[in-house]
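Residues per chain are reported as follows:
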Amino acid sequence: MTENLDLFSAEPQDSKAQAATKTGIPESVLAKVAQLRAQLNQWAHEYYVQDAPTVPDGEYDRVYQQLQALEGAYPELITPDSPTQRVIGAVLDGLAPVRHAVPMLSIQTETDNEATGAIAFDQRVRKELELTEADPTVEYVAEPKFDGLAMNLRYENGVLVQATTRGDGEVGEDVTHNIRTIRQIPLRLPADQNVPPVVEVRGEVHMAKADLDRLNERQQVAGAKTFANPRNAAAGSVRQLDSKIAAQRPLSFFAYGLGQITPPEQGGPDFGTHYAMLQTLKSWGFPVAPQVCIAVGASELVAFHQRIGAERANLPYEIDGVVYKVNSLALQRQLGFKSREPRWAVAHKYPAQEMPTLMEAIDVQVGRTGKLTPVARLSPVQVGGVVVTNATLSNLFDIRKKGVRVGDMVIVRRAGDVIPEVAGRVPGVRPVYVPNFRMPKTCPICGSEVVREKGEANHRCTGGLFCAAQRKEAILHFAHRRAMDIEGLGGKLVDQLVDAQVVRVLPDLYKLGLTSLAALDRMAVKSAQNVLDALEKSKRTTLQRFLFGLGIRNVGESTAKDLAKHFGTLDAIMDASEEALLQVKDVGPVVANSIHTFFAQPHNREVVEQLRACGVNWEEGAPAEKAPQILAGLTVVLTGTLPTLGRDTAKDMLEAAGAKVSGSVSKKTSYVVAGAEAGGKLAKAEELGVPVLDEAGLLALLAGEKPVSS
Ligand code: IVH
């Protein structure tokens, strides 16, 4: 990487900084600022372009803050190309149109989507160049065709001065403010690399698949719109008026060409080949896709098309094909253009990502959280270069919406590296009647009952810790710090224990021996003993922790606590009816049903019994005493602020005594308890003749006395 160490010279590079000496800024400050900027640029290049950071983030932040502090003390030193100046403060009114110095052309698309398309292109090029079979093969550069947004980056005297979109090819939009936020794009080119006075670098602004996924997750959480593909995400980000928004969007860049550049006659570089030009762009700090390579003759183009096609799903970014370009710039000039498209380049796309095939069956898979996913079993079909035999059908509603049935011809779609999906049905009459798909009533893995909660699209297995599909997740949850708190029983260990079938059900954990544990990968006798000690220690627990640890759906920590408090013993909870469960604070019908269903499964009871037999124990309490329901049948409305009791406390006390607390006053209201600043409800009570109590009156009521209404 020494080549890159002098990429960004440490000398003060701009005239502004030079002039600053005259304004009395100490020479040492100038030198320091320049050194910090060079260091930060170097590190950013390693991090964002080379994907090979050499310092921890904290070190970068420390130096960044140092530079910020110096620039704060000497604002006249701030230049637009300083690493601190990537986000500008101002929000624009609109994007200004910019005429391209050199038009941004489009590229011809090869009509033959199969690998043979590469041969067709080579033949056209050879014909145009009047080459015969006796002549040598033509050398090309083969590149991925990135799925993003074309960008023109104009550098004058090594400084990024303008970034424009392609627009209609003649006139684009000025998006400099947003492009400056992309860390992969240098704000200043290295001083020691013969960068010409004017150079426009062209390439694709895009968003890596993983970045797009994360962005969409964030957008979803924020209730903002999500993006269907990287191109939309890149375009939507680059065309923002406020650069703060673009700065939060994880945009990337790949350089693939040039626009205007100082000609060789005026001292500009003479690259000779497209490949040499790309290498130079790389040395100037631009990302160039690692797949870019020289391909000699049609056969190597075909090989490239096949290789990238196979890698496509696993590439970190979306591509929609490959691009071939004649390598020699002299030959490019000779070939020239045909109706605004260069004859020396072609875009070669991949065959459709959608293919029809027969859906032979629908199976059901169980995920690690218990979700049941219908999976279409298909007659094998090539989709985008991959043989697909299974595709997801999200859930029952997805199947109904798409109207697909077993035996149908369906369209299979692959988008990037996501799991293939059944997109829909090929229209046509079904020769025979096929019943609509139904979700199984019991889990195909463990046989537990399958449920779908109100308002939920997904069906779930209620097996929880009993279900092999959910085992790992269930064990991790059981071991959680806030559940059984088994220190040292983490993801890697659980993976090994389950995969080796050492642990099938929770009680197996307590049957682990030192030898079997120590035999596992990366487990020494000492750490194995630590796990055994932690397991031993976890046996003494509380009912609340144990209940939470069982991983009953919808039973979080606080519900577990309420249940433990309300019922006192596990047996009482296991035997409680749904009605009895509904009596517990904050337990509604969905939660009550989850608990009831869980303990209705004999195997769940079995697990509980075995755990107890292994020595898991807790102190059982008495069920919470139910206060005498002296106010049963009464409906009370609370309004205003009571002098000492909070509204919630008053409500709890009333409910504990059997009263119903309501939010509105009617003829049926038994009492209105009014505190300070009571409003409409008090007036209503007076109007309807409902007795009104103050706090003292309420306390009297609760004490079983006859309250005096005010
Ligand atoms: S070269 C004169 N190379 O595809 C040739 N374009 O119409 C100019 N694209 O939107 C384009 N990857 O942004 C070239 N490796 C690549 C490319 C590429 C994607 C886009 C480009 C434009 C379209 C070409």
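Residues numbered from 1 in each chain as written. Predicted model: local features only at pLDDT ≥ 70, side-chain atom pairs only at ≥ 80, totals over all residues. Heavy atoms only, no water.

You'll find the protein chain entered in an unreviewed UniProt entry as DNA ligase, with Comamonas suwonensis given as the organism.

**Things to note about the overall build of the protein chain**
Spelled out, the test is: Strands are runs of DSSP state E lasting at least 2 residues, helices are runs of H or I lasting at least 4, and numbering of each runs from the N terminus. Atoms counted for the radius of gyration: C-alpha only. Globule rule: 2.2 Å times residue count to the power 0.38. It only takes one pair of heavy atoms within 4.5 Å for two residues to be counted as in contact.
Secondary structure summary: the protein chain contains 27 helices and 25 strands in total. Against the 2.2 N^0.38 benchmark of 27 Å for 710 residues, the protein chain shows a C-alpha radius of gyration of 35 Å, more extended than a compact globule. Seen through its principal axes, the protein chain has C-alpha atoms that stretch 105 × 80 × 65 Å. Of the contacts formed within the protein chain by residues at least 6 apart in sequence, a portion of 67% connects residues at least 24 apart.

**Considerations on the packing of helix H25 (residues 647–656) against helix H27 (residues 695–702)**
The description of two helices packed together rests on the angle between their axes and the distance between the axes. The condition that has to hold: With axes taken as lines fitted to C-alpha atoms, and helix axes fitted only over the stretch in contact, angles between N-to-C directions fall between 0 and 180 degrees. Should an angle fall under 35 degrees it is taken as roughly parallel, and over 145 as roughly antiparallel, whereas 65 to 115 is taken as roughly perpendicular and any remaining angle as oblique. With the far helix as reference, a near helix turned anticlockwise by less than a right angle produces a left-handed crossing, and one turned clockwise produces a right-handed crossing. Residues are grouped as follows: nonpolar covers Ala, Val, Leu, Ile, Met, Phe, Trp, Tyr, Cys and Pro; charged covers Asp, Glu, Lys and Arg; every other residue, Gly included, is treated as polar.
One can describe the packing of H25 onto H27 by two numbers: an axis separation of 10 Å at closest approach and a directional angle of 25°. The pairing of H25 with H27 is recorded here as roughly parallel in orientation. You can see that H25 and H27 cross each other, and the crossing is left-handed. Where H25 approaches H27, its residues Ala650, Met653 and Leu654 are matched on the opposing element by Leu698, Leu699, Leu701 and Leu702. In the contact of H25 with H27, the residues fall into seven nonpolar, no polar and no charged.

**Describing the nonpolar core**
Put simply, the rule is: We define the nonpolar core as a collection of buried residues of types Ala, Val, Leu, Ile, Met, Phe, Trp, Tyr and Cys that are connected through side-chain atoms lying within 4.5 Å of one another. Exposure categories follow from relative accessible area, calculated using a 1.4 Å probe and restricted to protein chains: below 20% of the type maximum is buried, above 50% is exposed, and the middle band is partly exposed.
Met151, Leu153, Ile179, Val205, Phe286 and Tyr324 are the most contacted members of the largest nonpolar core, which totals 64 residues. If sequence neighbours within four positions are ignored, phenylalanine 286 has contacts with Val49, Leu153, Tyr155, Pro186, Leu189, Val201, Phe253, Ala255 and Leu281. Counting 55 residues, the second-largest nonpolar core is a separate cluster that includes Val498, Tyr510, Leu563 and Met574.

**Overview of the site of the ligand**
Quick note on the threshold: A single heavy atom is enough: if one lies within 4 Å of a molecule or strand, its residue is considered near that molecule or strand. The term polar contact refers here to a pair of N or O atoms within 3.5 Å; inside protein, the definition further demands a hydrogen-donor-capable atom paired with an acceptor-capable atom, and it admits residues adjacent in sequence only when both atoms are side-chain atoms. For the area figures, the Shrake-Rupley method with a 1.4 Å probe applies, and any residue is considered shielded solely by the protein chains shown.
Around the ligand, a shell composed of Ser106, Ile107, Glu143, Pro144, Lys145, Phe146, Ala150, Glu204, Tyr256, Val323, Lys325 and Pro342 is seen. Glutamate 143 places a polar side-chain atom, nitrogen or oxygen, 2.7 Å from a nitrogen atom of the ligand. Between the ligand and the protein, one listed contact pairs a nitrogen atom with a backbone N or O atom of proline 144 at 3.1 Å. Taken by itself the ligand offers 520 Å² of open surface, and the protein chains cover 86% of this.

**Quick word on the pairing of strand S4 (residues 159–165)**
Note the threshold: Two strands qualify as a pair provided DSSP detects at least 2 bridges between them.
Counted residue by residue, S4 has five buried out of seven residues, so it is predominantly covered. Where strand S3 (residues 149–156) meets S4, six bridges bridge the pair, whose relative direction is antiparallel. Bridged to asparagine 152 within S4 is threonine 164. Between the end of S3 and the start of S4, which pair antiparallel, lie two residues, with asparagine 157 showing a positive phi angle near 50°.

**Here we look at the packing of aromatic side chains**
Cut-off, in case you're wondering: Pairing of aromatic rings covers Phe, Tyr and Trp, the last counted by its six-membered ring, and requires centre-to-centre distances within 6.5 Å; plane angles under 30 degrees mean stacked, over 60 mean edge-to-face, and any other angle means tilted.
Going through the model one piece at a time under the given rule, you end up with eleven aromatic pairs. Ring geometry for phenylalanine 254 versus tyrosine 317: centroids 5.0 Å apart, planes at 65°, classification edge-to-face. With phenylalanine 254 in strand S7 (residues 252–261) and tyrosine 317 in the loop between helix H11 (297–311) and strand S9 (319–326), the pair connects residues that are 63 residues apart, well separated along the chain. You'll find phenylalanine 254 and tyrosine 317 in the same group, each marked buried. Among the aromatic residues, those joined into a ring-pair cluster are Phe121, Tyr140 and Tyr324.

**Comments concerning the sheet that holds strand S22 (residues 635–639)**
With parallel pairing, four strands are arranged side by side in an open sheet as S23-S22-S24-S25. Pairing within the sheet leaves two strands with one partner each, and these edge strands are strand S23 (660–662) and strand S25 (692–693). Sheet topology note: the strand S24 (residues 671–674)/S25 ladder contains two bridges and is parallel. Opposite valine 673, over in S25, you have leucine 693 as the bridge partner.

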